[in-house]
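# Summary of structural features
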Amino acid sequence: MATVEDRSILLARHIIDTRDTVRKTAKLFGVSKSTVHKDVTDRLARINHALFLEVKKVLEQNKSERHIRGGIATREKFRHQREI
């Protein structure tokens, strides 16, 4: 099994490459959102600071777009309810 450090780097590279959210990454790798967040922020900052700075940019972008994704999800929810 991979170490916590290896997992932190793997999760960070995935987020950087795909621009996925913490939630989507957690689901894909079968870990909790808290684990992904702790790995790519706290742990990664100590392990590989340059990679941490890259993933931080993606996380900040995702956070700034969060309200847009929420609105789209709500619109789809109500659109689906009308179809039923």
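Here goes a summary of the coordinates provided. Along each chain, numbering runs from 1 in the same order as the chain's sequence is written. pLDDT decides what is reported in this predicted model: residues at 70 or higher carry local features, side-chain atom pairs at 80 or more are listed and counted, and totals for whole chains, interfaces and linings draw on all residues regardless. The side-chain numbers reported here are obtained from all heavy atoms of the structure, hydrogens and water having been left aside.

Take the overall build of the protein chain next. Under the DSSP-based scheme used, a helix requires at least four consecutive residues in state H or I and a strand at least two consecutive residues in state E, with every element numbered from the N terminus. Helix and strand counts for the protein chain stand at four helices and zero strands. Reading the protein chain from its N end, one meets helices and strands in the order α-α-α-α. In terms of overall dimensions, the protein chain has a C-alpha envelope of 50 × 30 × 20 Å along the principal axes. Within the protein chain, the fraction of its 84 residues that count as buried is 25%. When contacts within the protein chain are restricted to residue pairs at least 6 apart in sequence, those whose partners lie at least 24 apart make up 58%. Each residue gets one of three labels from its accessible area relative to the maximum for its type: buried under 20%, exposed over 50%, partly exposed in between, using a 1.4 Å probe on protein chains only. Two residues qualify as a contact provided that any one of their heavy atoms is within 4.5 Å of a heavy atom in the partner residue.

Time to look at the packing of aromatic side chains. Aromatic pairs are defined between Phe, Tyr and Trp rings, using the six-membered ring for Trp, whenever the two ring centres lie within 6.5 Å; interplanar angles under 30 degrees are classed as stacked, those over 60 as edge-to-face, and all others as tilted. For the coordinates displayed, the defined rule picks out zero aromatic pairs. A ring is scored as having a charge over it whenever the NZ atom of a lysine or the CZ atom of an arginine sits within 6 Å of its centre and within 35 degrees of its normal. If you follow K77 out to its NZ or CZ, it ends over the ring of F78, 5.5 Å from the centre.

The set of buried Ala, Val, Leu, Ile, Met, Phe, Trp, Tyr and Cys residues whose side-chain atoms join them within 4.5 Å is what this entry labels a nonpolar core. Ranked by size, the top nonpolar core spans 14 residues in total, and within it A12, I15, V36, V40, L44 and V55 carry the most contacts. If you list the elements that add at least two residues to this core, you get α1 (4–18), α2 (22–29), α3 (33–47) and α4 (49–83). Contact partners of V36, with chain neighbours within four places excluded, come to L11, I15, V22, T25, A26 and V31.

A few words on the pattern of salt bridges. Salt bridges are identified by distance alone: a Lys or Arg side-chain nitrogen within 4 Å of an Asp or Glu carboxyl oxygen. Evaluation of the coordinates by the stated rule reveals six salt bridges. The closest approach of N and O atoms between K38 and D42, which form a salt bridge, is 3.3 Å. Taken as a pair, K38 and D42 lie in helix α3 at a separation of four residues, close to a single helical turn. Judged by relative accessible area, D42 falls into the partly exposed class, the value being 39%. D39 is the salt-bridge partner of R43, the closest N and O atoms lying 2.4 Å from each other.

What follows concerns the environment of T25. In this structure, T25 sits in helix α2. In this structure T25 comes out as buried when scored by relative accessible area, which is 0%. Sequence separation between T25 and A12 is 13 residues; the distance between their C-alpha atoms is 9.5 Å.

With that out of the way, let us pick up the packing of α3 against α4. For the pair α3 and α4, the least separation of the axes is 6 Å and the interaxial angle reads 150°. On the basis of their axis angle, the class for α3 and α4 is roughly antiparallel. Taken as a pair, α3 and α4 cross one another with a handedness that is left-handed. Here V40, T41, L44, A45 and I47 of α3 come into contact with α4, specifically with H49, L51, F52, V55 and L59. Lines fitted to C-alpha atoms define the axes here, with helix axes fitted over just the stretch in contact, and angles between the N-to-C directions of these axes take values from 0 to 180 degrees. We call two directions roughly parallel when the angle between them is under 35 degrees, roughly antiparallel when it is over 145, roughly perpendicular when it lies between 65 and 115, and oblique otherwise. In this scheme, a crossing is called left-handed if the near helix is turned counterclockwise away from the far one by less than a right angle; it is called right-handed if the turn is clockwise.

By themselves, these are just geometric observations and shouldn't be taken as functional.
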